[in-house]
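# Structure at a glance
Listed here are the chains, written in short residue letters.
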Amino acid sequence: MPHSAPPSALPKAATDPALLDLLKRIWGYEAFLPNQAEAVEALMTGRDSLTILPTGGGKSICYQLPALAKPGMAIVISPLLALMKDQVDSLVANGVAAASLNSSMTSDEKRRVVDDLRAGRLKLLYLSPERLASPDSFELLSQAAISFIAIDEAHCVSQWGHEFRPDYRNLAQLRTWFPNVSMHAFTATATQTVRDDIVAALGLKEASVVVGSFDRPNLFYRAEFRRDLVPQVRAVLDRHPGEAGILYCIRRADVESLCETLQGLGYRALPYHAGLPAETRRQHQEAFSKEEVDLMVATVAFGMGIDRSNVRFVIHTGMPKSIENYQQEAGRAGRDRLAAECVLLYGAADPVSWKSIQGEPKTPYDQHALDKIREMYRFCRTLTCRHRFLVTYFGEAFEATPCGACDVCLGEHQVLPDSTVVAQKILSCVVRVQERFGARHVAEVLKGSKTAKLLQLGHDKLSTYGLLADHAIADLSDWIDQLVGHGYLVRAGEYQVLKVTPEGRALLKGEDSVQLTMPRATVAKTVKSSEDLPLSPAEEALFQDLRGWRRTMAQERGVPPYLVLGDATLRELASRRPASDLALRAIKGIGETKARDLGDRLLEALRQGAEANGLELGGDAPLMTVAKPAPKASAPRANPTRETAFEAFGQGRTVAEVSEQTGRAASTIEGYLLEYLQEERVTSPEPWVDRETYEQVLSKANELAAERLKPIFEALGGSVSYGAIRIALAVRANQG
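Predicted, not measured: the structure shown is a model, and the values here were computed from it.

## Comments concerning the overall build of the protein
Scanning the protein from terminus to terminus reveals 32 helices and 15 strands. A buried classification covers 53% of the 736 residues belonging to the protein. Of all intrachain contacts in the protein linking residues separated by at least 6 positions in sequence, the fraction that spans at least 24 positions is 72%. Accessible surface, the protein as shown: approximately 31900 Å² in total, 51% of it carbon and sulfur.

## Considerations on the confidence of the model for the protein
Summary statistics for the protein give a mean pLDDT of 83 and a share of 90% for residues scoring 70 or more. The spread of mean pLDDT over the elements of the protein runs between helix α29 (residues 666-679), the lowest at 72, and helix α18 (residues 419-432), the highest at 96. Ignoring residues within four places in sequence, the model shows residues 1-8, a span with pLDDT below 50, making 12 contacts including any to other chains. Note on residues 619-638: pLDDT under 50 across the span, and 29 contacts to partners over four residues away in sequence or across chains.

## So, the packing of helix α14 (residues 323-330) against helix α16 (residues 364-381)
How two helices sit against one another is set out by the angle between their axes and by the gap between those axes. Their axes nearest at 8 Å, the elements α14 and α16 cross at an angle of 55°. Taken as axis vectors, α14 and α16 run oblique relative to one another. Residue-level inspection shows I323, E324 and Y326 of α14 in contact with α16, the latter providing K372, E375, M376 and F379. Counted by class, the contact of α14 with α16 contains four nonpolar, no polar and three charged residues.

## Points about empty space enclosed by the protein
For the coordinates displayed, the defined rule picks out one cavity of 30 Å³ or more. In terms of lining, the largest cavity is formed by P54, T55, A188, T189, F214, R216, Q327 and G331. Residues belonging to the lining of the largest cavity are distributed by class as follows: three nonpolar, four polar and one charged.

## Here's the deal with the state of the cysteines
Scanning the entire structure with this criterion turns up zero disulfides. C403 carries a free sulfur, and the closest cysteine sulfur to it, the one in C385, is 3.6 Å from it.

## A short note on the packing of α18 against helix α19 (residues 439-447)
Packing of α18 against α19 brings their axes to within 10 Å, and their N-to-C directions diverge by 115°. The orientation of α18 with respect to α19, classified from their angle, is roughly perpendicular. Considering only the axes of α18 and α19, their crossing is right-handed. Here K425, I426, C429 and V430 of α18 come into contact with α19, specifically with V442, V445 and L446. When its residues are assigned to classes, the contact of α18 with α19 shows six nonpolar, no polar and one charged.

## Focus on the sheet that holds strand β7 (residues 208-211)
Sheet architecture is open: seven strands sit in the order β3-β4-β2-β5-β6-β1-β7, paired in parallel fashion. The open sheet terminates on both sides in strands that have one partner only, identified here as β3 (98-101) and β7. In this sheet, adjacent strand axes meet at a mean angle of 20° when their direction is disregarded. Examined bridge by bridge, strand β2 (residues 73-77) and strand β5 (residues 146-151) share four bridges and lie parallel to one another. From the neighbouring strand, I77 faces β5, where its bridge partner is I151. Helix α5 (residues 107-118) rests against β2, β3 and β4 (124-127) of the sheet, and its axis sits at about 125° to β3.

## Observations concerning unusual backbone geometry
E686 connects to P687 through a cis peptide bond whose omega is 10°. In this structure, P687 sits in the loop between α29 and α30 (691-704). With a phi close to 45°, E206 is a non-glycine residue in the positive phi region. With respect to the helices and strands, the residue E206 is situated in the loop between α10 (192-202) and β7. A relative accessible area of 49% places E206 in the partly exposed class. Within the chain, R337 stands out as a residue other than glycine whose phi angle is a positive 75°.

## Some words on the environment of A579
Within the secondary structure, A579 is located in the loop between α24 (567-576) and α25 (581-585). For the pair formed by A579 and L602, sequence separation is 23 residues and the distance between their alpha carbons is 9.8 Å. Excluding its chain neighbours within four sequence positions, the residues that come into contact with A579 are L603 and L617.

## Description of the nonpolar core
Residues I77, L125, I149, I151, L202 and Y326 are the most contacted members of the largest nonpolar core, which totals 84 residues. With six residues, α16 is the largest single contributor of residues to this core. If near-sequence neighbours (up to four positions away) are discounted, Y326 is found in contact with Y221, H316, P320, G331, C342, L344, M376, F379 and L390. C429, L446, L468 and V500 belong to the second largest nonpolar core, which has 31 residues in total.

## Comments concerning the side chain of D48
Along the chain, the position of D48 falls in the loop between α2 (36-45) and β1 (49-52). A relative accessible area of 5% places D48 in the buried class. Within the structure, the side chain of D48 is placed 2.2 Å from the side chain of R175, a separation counted as a polar contact. In this view, D48 contacts R175, S182, M183, H184, G203, L204, K205, E206, A207 and S208; residues no more than four positions away in its chain are not counted.

## A closer look at the pattern of salt bridges
Counted under the stated rule, the structure contains 40 salt bridges. Across the pair R577 and E539 runs a salt bridge whose closest N-O atoms are separated by 3.0 Å. Highlighted residues: R577 in the loop between α24 and α25 and E539 in helix α23 (residues 537-557), separated in sequence by 38 residues. Assigned by exposure class, R577 and E539 land together as buried. Residues E540 and R571 are paired through a salt bridge, measuring 3.7 Å at the closest nitrogen-oxygen approach. Of this pair, E540 sits in helix α23 while R571 sits in helix α24; the two residues are 31 residues apart in sequence, bridging distant segments of the chain. On the basis of relative accessible area, R571 is assigned to the buried category, the value being 12%. Each of E291, D294, R308, R547, R550, R551 and D567 takes part in a single network of salt bridges with overlapping partners.

## Observations regarding the sheet that holds strand β12 (residues 311-316)
Within the open sheet, the six strands sit side by side as β8-β13-β12-β9-β11-β10. Their pairing is parallel. Here the strands that pair on one side only, and so sit at the sheet edges, are β8 (219-225) and β10 (269-272). Direction aside, neighbouring strands of the sheet carry axes that sit 15° apart on average. By the bridge criterion, four bridges tie β10 to strand β11 (residues 295-298) in an arrangement that is parallel. Each bridged residue has a counterpart across the sheet, and for Y272 the counterpart in β11 is A298. Against the sheet, α14 contacts β8, β9 (244-248), β12 and β13 (340-346), and its axis sits at roughly 150° relative to β12.

## Concerning α23
A rise of 1.5 Å per residue sets the reference length of α23, with its 21 residues, at 30 Å; its end C-alpha atoms lie 30 Å apart and thus fit the reference within 8%. Restricting attention to buried positions, one finds in α23 the residues A538, E539, A541, L542, F543, L546, R547, W549, R550, M553 and A554. On its buried face, α23 is in contact with α24 and α26 (592-612).

About the criteria used
- Residues numbered from 1 in each chain as written.
- Predicted model: local features only at pLDDT ≥ 70, side-chain atom pairs only at ≥ 80, totals over all residues.
- Heavy atoms only, no water.
- Helix = DSSP H or I, 4+ residues; strand = E, 2+ residues; numbered from the N terminus.
- Buried < 20%, exposed > 50% of the residue type's maximum accessible area, 1.4 Å probe, protein only.
- Contact = heavy atoms within 4.5 Å.
- Areas by Shrake-Rupley, 256 points an atom, 1.4 Å probe, with all protein chains shown as cover.
- pLDDT = per-residue confidence, 0-100.
- Axes fitted to C-alpha atoms, helices over the stretch in contact; angles between N-to-C directions.
- Parallel < 35°, antiparallel > 145°, perpendicular 65-115°, else oblique.
- Nonpolar A, V, L, I, M, F, W, Y, C, P; charged D, E, K, R; others polar.
- 1 Å grid on protein atoms, 1.4 Å probe; cavity = no way out; pocket = protein on both sides within 12 Å on 5 of 7 lines; lining within 4 Å.
- Points joined across faces, edges and corners; volume = space filled by probe spheres on them.
- Disulfide = S-S within 2.5 Å.
- Left-handed = near helix turned anticlockwise from the far one by under 90°.
- Pairing = 2+ DSSP bridges.
- Core = buried A, V, L, I, M, F, W, Y, C linked by side-chain atoms within 4.5 Å.
- Polar contact = N/O pair within 3.5 Å; in protein donor to acceptor, adjacent residues only side chain to side chain.
- Salt bridge = Lys/Arg side-chain N within 4 Å of Asp/Glu carboxyl O.
- Expected span 1.5 Å × (residues − 1).

Structure below.
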């Protein structure tokens, strides 16, 4: 059985000078993150271990650092080629001898890795579980002095987990091959059942178990009933202009449809799903990783191999199939520990869709999967703190209530007055129609509708007919969904007939009470991470300049930008603005290798950026900022509607006129107008925004020192549309 170390015991690794020196020299960090030292200690002492740290908690350093500190070569098992490539590229960029062996490599590339292995030149070798099944694997690995074996994404071992992979189950043979080599499992998501299964399946001996907090305080969780998908999605996108985000859809067709719609509205988005050609998927993933595009619309096929640290938001356009899936997918936001937003848009049909995909349960594992679907829907409907819900699901206590970082704790959900009475009327109606009809029919009876079917059945004579006539059908359907989510109703059979549960009958008798929520509009409150450095407008501009410099460096090196420097490091650079090599090395995230390779060019970029934005190196930011014009957009692909719109704008026509002329939605034409203003460097807002409104927007933007739309919109009391604000800011940028 696994044993957890006493929490009060300070691991030696936390104060080991040699380990701390490596941590600083290679990764640029002065100290370990929470629970890292405990995990490192297990690897250094050669004791089997299981480490569970949340996404962004620094799992990889827990095995990469000991690999450098110990003699020999560490083997790392990883499930995806993209994940291996990212980690190997990052290590090599930091001056570490690391490599992988996989099917995508040429014969010469494989030969060089094998030569390095035999010569003892490697410190880390990454392999997939499938590669281990190759007949020559044991013979090859036996030629190296193996320091330990690390298994990443270890939840894939467990049949009780959410991403079970049979090839992972075969990893137990490593214990047979190398009985005296310690084994270490790592994952971000595992319930107690899954943890026990991992330990048993891998044959971990007297394993040290390190479990970090499952809470991600830098993430803001919000769940909304899906009413009008595109406007709800756009509301999130407009809160994060120019920032990276992932939009998850359940079906491939949904990916294609939403991505095409967003592209038509002027957003730079790409699709990703398993139905696309492998080369297309590779190109799209690479474009996202290299920050050539910031929006990826995808199925869950886009996931584990994505290591971009500065994803600022994740939108689920449908309910995931389990809490574990949600935790992992939403957790791809804010890996740099800066603030990020996670929005879940769900519908009543989502659980039905997942149950249909799952099929009838034939094994205990199938039934377990159905239980996970129900638990996920309960999360969507909960009126308790979402951070609390998630961490307690994984068996962790949660004390911080209210969390201040979810829609529930910030009061975005308004409780329906007399919720229990309304619920009793709904349940009573289900009983009166003899539990033989679905939600729509029950809502129509309560509304007092006069549909032909309802009248033919005589349901207008029921005592519950018209009981809730003052409410809309959509609201009644929503409350029925909530009662299903709370377990007072269930949907049964092919036609999803409503039936009252024993808990529902207790509620009918007044033995229980319930809270239902009112429909609401999206509220754009955000959360600040403890890692977020407050930047002045001038420093924020410098930060954006440094992001551009980072992209150039990444292109030169052929790696994703986040492997050059992370956003958190760039923000600290913009805030502190070091002027010397010594000061540069004091910045978190800049180790010796990066300081040596990038130092001179980075210091020059800081000098130029500070001068351009009216800042002093190493000094406080001035009160005034130097406005800079927006970068010129790259030329889009040929688009006849866009060309027609541009010609019409040149003739002074309005959005409404061009919308009518082209037959395209006003929102699409508005996107073309913004491109036109930027490309043609238009310096007058008229005829699209009158001069008085234009001056109002600029006055508020200057007063608030804001470039984001929401603060300006709210400061103007909602009297000026988001579209007008966008146009005004675009024109101002052209006046640079």
